[in-house]
Amino acid sequence: MALTARQLARLGELLDQSLSLSRDERRTWLDSLPAADEPLRKTLSEALLADEPALQVGRMLEHPPRIPLPAPSELRTGDRFGAYELLRPLGAGGMADVWLARRADGAFERQVALKIPRLGQVSAEMSGRFARECQILASLEVPGIARLYDAGVERGMPYFAMEYVPGQPLTTWAGERQLDTGARVAVFLQVLEAVGRAHARQVIHRDLKPSNILVNSQGEVRLLDFGVARLLQVEPEGTSVTQAWGRALTPEYASPEMLRNEAIDARSDIYSLGVVLHELLTGSRPGAAAASLDSGLRVVLAKALAPAPAERFENAESFAEALRPFATGKGPARKHPDYLRYLLAAGAATALVVAGFLSMGQRNEHAAEPEAAAAAAVREVSLAVLPFTDLSAARDQDYLSEGMADEIINQLAQVPALRLVGLRSTLTFKGHHEDLRVIGEKLGVDNLLDGTIRRDGDRLRIAAQLLRARDGTPLWSHVYERELRDVFALQQEIARDVADALSVKLDLGPLSRAQGGTNNLDAYHRYLRWRQMFLAEQHGIDNHRQRVQLLREAVQFDPQFALAWGELADALDALARDSQVLAHQVGGSQATSLRDEAARARARVQELAPASWIALRIRSEQLADQGRWAESIELAQRILDTGPFTLERAYPLTNVLFAVGRIDETIALVDRVIRIEPLVMFPSRDQQWNLTAGRRYAEAAAEYRRSREFEGSHTMPEYVAFMRTLALGPSADGDLRTAYQRYRQNITSPGRDMFYGEVGAVLDDRAALRAFIRNEVEERRPGFEHAYGIADAVGEPDAALSALRAYLEQRQGYAKHWELWTAPYSNVRTLPGFKTLLREAGIAGYWRQSGRWGDFCKSVGDDDFECR
C-alpha cells in the first residue's frame with residue numbers, strides 16, 4: 001500500500017500508542033480506530049500482531065529492572081548471558097557490543113549474534129530503542145535481512161539474539177574477489193531487493209553502509225542492524241528515544257536531509273545506497289571522480305546522490321531498474337542522449353548534477369595537460385562553515401553551536417590558500433534548510449562544512465561533514481565525542497581535519513593568552529552567549545544591559561580574558577548612549593559611570609594582552625580620537641599584518657582610512673570584507689557610503705540593489721539611495737517620491753522624522769526645497785544638522801557646510817569625521833570653511849607629513865592645499 005506523507009505521519013503516532021499495549025489490548029485498540037485510519041489498519045495488524053515471540057519481549061524491554069549493571073567491558077569469553085554462552089566478540093557499535101554466542105541451555109543448537117546495550121555508558125532510556133528494534137525486526141522476516149531469533153533481559157540488561165551471518169562487508173567481499181563492474185552491480189541488486197522489501201513494510205534503515213551489508217560465501221546478501229531504523233515518522237515530542245540519544249547514523253553515508261535533522265523517507269536510504277554503490281564501483285566515496293565508469297552508470301549514481309530527495313530515485317525498485325542493464329557487464333555504453341531524455345523528465349536540477357558527473361571523465365582525461373595542471377595548482381579553495389545544528393535534548397545550545405562554527409572559521413582563517421566565508425553570512429541560512437547548491441551559489445564557495453552538536457551534561461558529540469557545494473556530495477566526515485572541558489582542543493582538531501580534507505596546510509599552536517583568549521569554560525560560554533546576541537544585531541537598552549551582564553560575568557570567571565574586557569568596554573559605551581537617550585529611566589549620572597567603567601575595561605586589556613589585536617584596535621581608536629592619524633593607521637595596519645583577514649580585524653583600518661579621506665583604499669578593503677561576508681548587512685551599507693563618497697555612483701546603486709535582495713529595506717541604504725536620487729535624478733530603483741518614502745518608512749528618530757516630514761511637503765518643488773533648507777540652517781532650528789545631506793544634494797554647499805560644522809561640534813570621537821566625506825554632490829569640499837575643518841581635525845597636517853593625501857585633495861605649495 002502506498003501511503004501519503006500525512007498517512008505516514010499518522011502511522012508513526014499510532015505505533016507509538018500501541019507499544020505499551022498487550023497483544024489482546026492491541027486487537028481491541030485496532031478495532032476501535034476511527035474510520036479515517038482504516039487505510040492503515042492492515043499495515044498495523046501485520047506489524048503488531050505477527051506471530052513472533054520477540055513482540056512480547058519487546059514490551060518487557062521498555063522497562064527493564066533497575067539493578068546495578070555490569071560494564072560491557074567486564075564480559076568475557078565463556079560467560080553465560082541468559083540462555084547463551086559468549087564465544088567471541090564480533091564488534092562494537094555506538095549503542096551496543098555484539099558477541100558471537102551459542103544457545104547453552106540445550107533447547108536447540110544455534111549460533112547467534114548477541115547484541116548487548118552499553119547501559120553502563122548511557123541512560124536506561126536506551127532500552128526503549130532496543131524495544132523498538134525488536135518490534136521492527138519482528139516484522140521483517142524477509143529474505144536478505146538478518147532475522148531476530150530471541151530477546152530478553154538478563155541482569156537488568158536487555159539483549160536480543162540475531163541471525164549470525166558469517167560473511168564480509170560488501171566492499172571487502174567484492175574487492176578480494178576482484179569482481180568486475182558487472183558482477184559488482186549484480187550483487188548490489190540483491191541489496192536493493194532486500195531494502196525494497198523493508199521499505200514495503202514502511203521501514204527505513206537509516207544507517208546503510210558496507211559494514212551493515214554482509215555477503216556470505218555463497219554470494220548471498222544479508223542486511224544487518226535495523227536497530228537504528230525508524231518507521232517513517234518523527235516520533236512525538238517527549239516519547240522519542242532519538243530525542244534522548246540522537247540520530248544513530250554514519251555521517252559519511254547519511255543523506256543531506258538526515259544530517260540537517262529533517263524528516264526523512266525511503267529516499268534517504270536511496271542516497272546512502274548511492275554512496276555505497278559509488279564506493280563499491282570506484283573504491284572511494286563520492287567526491288573522487290568516477291571517470292573510469294561507463295557514462296550511463298555515472299548518470300545512475302548522480303540521480304541516486306541528488307541533494308534533494310525529489311530528484312532521486314523514488315524507491316529501491318526504480319533504482320534497481322536503472323542498474324539492471326549494467327549487471328551483465330554489457331550495459332549501454334556512452335548512450336548520453338537516452339539518459340539525458342530520462343533526466344529531462346526527472347527535472348533540470350538533476351540534469352545539472354548528472355552533467356557534472358558526465359564531465360568528470362572528460363576533465364580528468366586532460367588533467368595532465370600543462371594548462372589544466374597549472375590552473376588546478378592556483379585554483380582557490382573556498383569554504384563556508386554553516387552554523388552547527390543543535391541536537392541537544394533541550395535545544396538550548398545554539399550559542400555553543402554558533403561558537404563552534406565561528407571558532408573553526410577563526411582557526412581556518414590562518415590558512416592563506418583558503419578563502420572562508422564568515423559566520424555572519426552563514427547565519428542567514430540558519431533554520432531555513434535551503435538547498436546546498438543555493439547556499440554555495442549565494443556564498444560563492446565550492447565547499448560547505450555542516451555539522452551537528454549534542455551536549456549531554458559534560459559530554460559533547462559533534463558530527464561534522466565536508467560537502468561539495470555544487471551537488472552536496474560528501475567529501476569527508478567524522479564524529480567526535482569528547483568531554484565538554486576539551487572543547488578548545490576539539491575546535492582545533494576539527495579545523496585540522498577539515499584542512500587535511502581540503503589539502504591545505506594548517507599550523508595551529510595552543511590558544512594564546514597573548515591574543516586575549518580564555519581556557520575557562522564558564523567565561524567562554526558567557527562570551528558565546530554575548531556573541532550570539534551581538535551577531536543577531538539585537539538593540540535597545542534591555543538587550544545592551546544583557547550584553548553588559550554576560551561580559552561582566554565572563555571577566556569575573558576569568559579576569560585575564562582580554563577579549564571579553566575589550567567587548568565589555570564597547571557594550572558599556574552602547575549602554576551609556578542608551579542611558580542618555582532614556583535619561584528619564586536611568587539618569588545621566590549612570591551614563592557617566594558606565595563610560596568610566598568602559599575606560600577601566602580598556603585599560604585592563606592593555607595590561608593583560610598589549611600585543612593582542614583587540615588591544616591594538618583600542619589604541620588605534622584612541623590615537624585617532626587625539627588626531628594622531630599616522631600612528632592610528634600604523635596600529636590598525638599591524639592588526640591585519642599579524643593575523644588572518646577577518647571582518648573584525650579589517651574594520652579598524654577601514655574606519656580610520658575613511659576618516660582621513662583615503663576613500664579608494666577603504667573601498668578595496670571593504671570589498672575584501674564583503675567577499676568573506678557577502679550576506680552581512682553593515683559591510684554592504686558601509687560600502688554604499690564609501691562608493692558614494694568616492695563619487696562612484698553607479699557602483700553604489702548596484703550595491704544597493706544587491707543588498708535589497710538579502711537585507712530588504714533598511715535606514716542607511718535607503719538614505720543613501722534617496723540622496724542619490726535627489727542629486728542625480730530618477731534611477732532604475734524608482735523616482736524621487738518612491739526613494740523618499742522608502743527612506744522615511746525606516747526612520748526611527750522622532751526628531752528626524754519630523755524634519756523629513758517637512759521635507760516631504762516641498763519635495764516636488766526644487767526651488768521651495770532649497771529655500772526650506774537654507775531657512776532651516778540660517779535660523780538654526782532644532783535638528784538643523786539633519787539638513788547637511790539634503791543641502792549638498794540640492795546644490796546648497798554653504799548651507800551644507802554650516803550644518804556639517806554643527807554636526808561635528810555635537811559629536812565626540814574620531815568617527816564624527818566620517819561625515820566630512822559623505823557630501824559628494826555639491827562643491828562643498830572646495831569651500832575655504834571645509835579646509836578649515838580638515839585643519840582642525842589634524843587631517844591636513846597628517847596628509848602633508850605622510851605625503852598620503854586624501855583622494856579628493858592635493859598639496860598647493862608648502863602651506864596650502866585644495867580639494868575638489
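Up top you'll find the structure we're talking about.
No experiment lies behind these values; they were computed from the predicted model shown.

1. Brief notes about the packing of aromatic side chains
Here the structure, examined in full by the defined rule, presents 23 aromatic pairs. Measuring from centroid to centroid gives 5.0 Å for Phe755 and Tyr756, while their planes differ by 90°, and the two rings are edge-to-face. The burial state of Phe755 is the same as that of Tyr756; both residues are buried. Three or more aromatic residues link up through ring pairs in this structure, and these residues are Trp689, Tyr719, Phe722, Tyr740, Tyr743, Phe755, Tyr756 and Phe772. The ring of Tyr399 carries Arg529 above its face, with NZ or CZ at 4.3 Å from the centroid.

2. Section: the pairing of strand E12 (residues 381–385)
The element E12 is extensively covered by neighbouring structure, given that four of its five residues are classed as buried. Sheet analysis places E12 next to strand E15 (residues 447–456), joined by three bridges and oriented parallel. By the bridge assignment for E15, Val385 is matched with Leu449.

3. Comments concerning the pattern of salt bridges
Counted under the stated rule, the structure contains 42 salt bridges. Between Glu665 and Arg852 there is a salt bridge; the shortest N-O distance is 3.1 Å. Residue Glu665 is located in helix H28 (residues 663–676), and its partner Arg852 is located in the loop between helix H38 (843–850) and strand E18 (857–860); the two are separated by 187 residues in the primary sequence. The class for Glu665 is partly exposed, based on a relative accessible area of 29%. A salt bridge links Asp764 to Arg737; its shortest N-O distance comes to 2.7 Å. With Asp764 in the loop between helix H33 (750–761) and helix H34 (766–779) and Arg737 in helix H32 (residues 736–744), this residue pair connects regions lying 27 residues apart in the sequence. Assessed through its relative accessible area of 25%, Arg737 is described here as partly exposed. Here the salt bridges do not stand alone but share partners, grouping Asp570, Asp573, Arg602, Arg617 and Glu621 into one network.

4. A word on the sheet that holds strand E10 (residues 221–223)
Across the sheet, which stays open at both edges, the three strands sit in the order E7-E9-E10 with antiparallel pairing between neighbours. Either end of the sheet is taken by a strand with one partner, and the two such strands are strand E7 (168–169) and E10. By the bridge criterion, two bridges tie E7 to strand E9 (residues 213–215) in an arrangement that is antiparallel. Across the sheet, residue Pro169 finds its bridge partner in E9, namely Leu214. Sitting on the sheet, helix H7 (residues 181–200) is in contact with E9 and E10, with an inclination near 40° to E10.

5. Quick look at the packing of helix H27 (residues 647–659) against H28
Taken N-terminus to C-terminus, the directions of H27 and H28 make an angle of 160°; their axes are 9 Å apart at the nearest point. Relative to H28, the element H27 lies roughly antiparallel. Note that H27 runs across H28; the crossing there is left-handed. Seen from H27, the contacting residues are Leu647, Ala650, Tyr651, Leu653, Thr654, Leu657 and Phe658; seen from H28, they are Ile663, Glu665, Thr666, Leu669, Val670, Val673 and Ile676. Broken down by class, the residue content of the contact of H27 with H28 amounts to 11 nonpolar, two polar and one charged.

6. Here's the deal with the packing of H33 against H34
Where H33 meets H34, the axes come as close as 9 Å, and the angle between the chain directions of the two elements is 145°. Crossing geometry of H33 relative to H34 is assigned as right-handed. Residue-level contacts link Phe755, Glu758 and Val759 of H33 to Leu769, Phe772, Ile773 and Glu776 of H34. When its residues are assigned to classes, the contact of H33 with H34 shows five nonpolar, no polar and two charged.

7. A short note on helix H20 (residues 521–535)
Given a rise of 1.5 Å per residue, 15 residues ought to cover 21 Å, and the 21 Å separating the end C-alpha atoms of H20 matches this to within 8%. Among the residues making up H20, those that are buried are Ala523, Tyr524, His525, Arg526, Tyr527, Leu528, Trp530, Arg531, Met533 and Leu535. Between the side-chain oxygen of the N-cap and the backbone nitrogen of Asp522 there are 3.0 Å, and the N-cap of H20 in question is Asn520.

The rules behind each value
Residues numbered from 1 in each chain as written. Predicted model: local features only at pLDDT ≥ 70, side-chain atom pairs only at ≥ 80, totals over all residues. Heavy atoms only, no water. Phe/Tyr/Trp six-rings, centres within 6.5 Å; stacked < 30°, edge-to-face > 60°. Buried < 20%, exposed > 50% of the residue type's maximum accessible area, 1.4 Å probe, protein only. Lys NZ or Arg CZ within 6 Å of the ring centre and 35° of its normal. Helix = DSSP H or I, 4+ residues; strand = E, 2+ residues; numbered from the N terminus. Pairing = 2+ DSSP bridges. Salt bridge = Lys/Arg side-chain N within 4 Å of Asp/Glu carboxyl O. Contact = heavy atoms within 4.5 Å. Axes fitted to C-alpha atoms, helices over the stretch in contact; angles between N-to-C directions. Parallel < 35°, antiparallel > 145°, perpendicular 65-115°, else oblique. Left-handed = near helix turned anticlockwise from the far one by under 90°. Nonpolar A, V, L, I, M, F, W, Y, C, P; charged D, E, K, R; others polar. Expected span 1.5 Å × (residues − 1). Polar contact = N/O pair within 3.5 Å; in protein donor to acceptor, adjacent residues only side chain to side chain.

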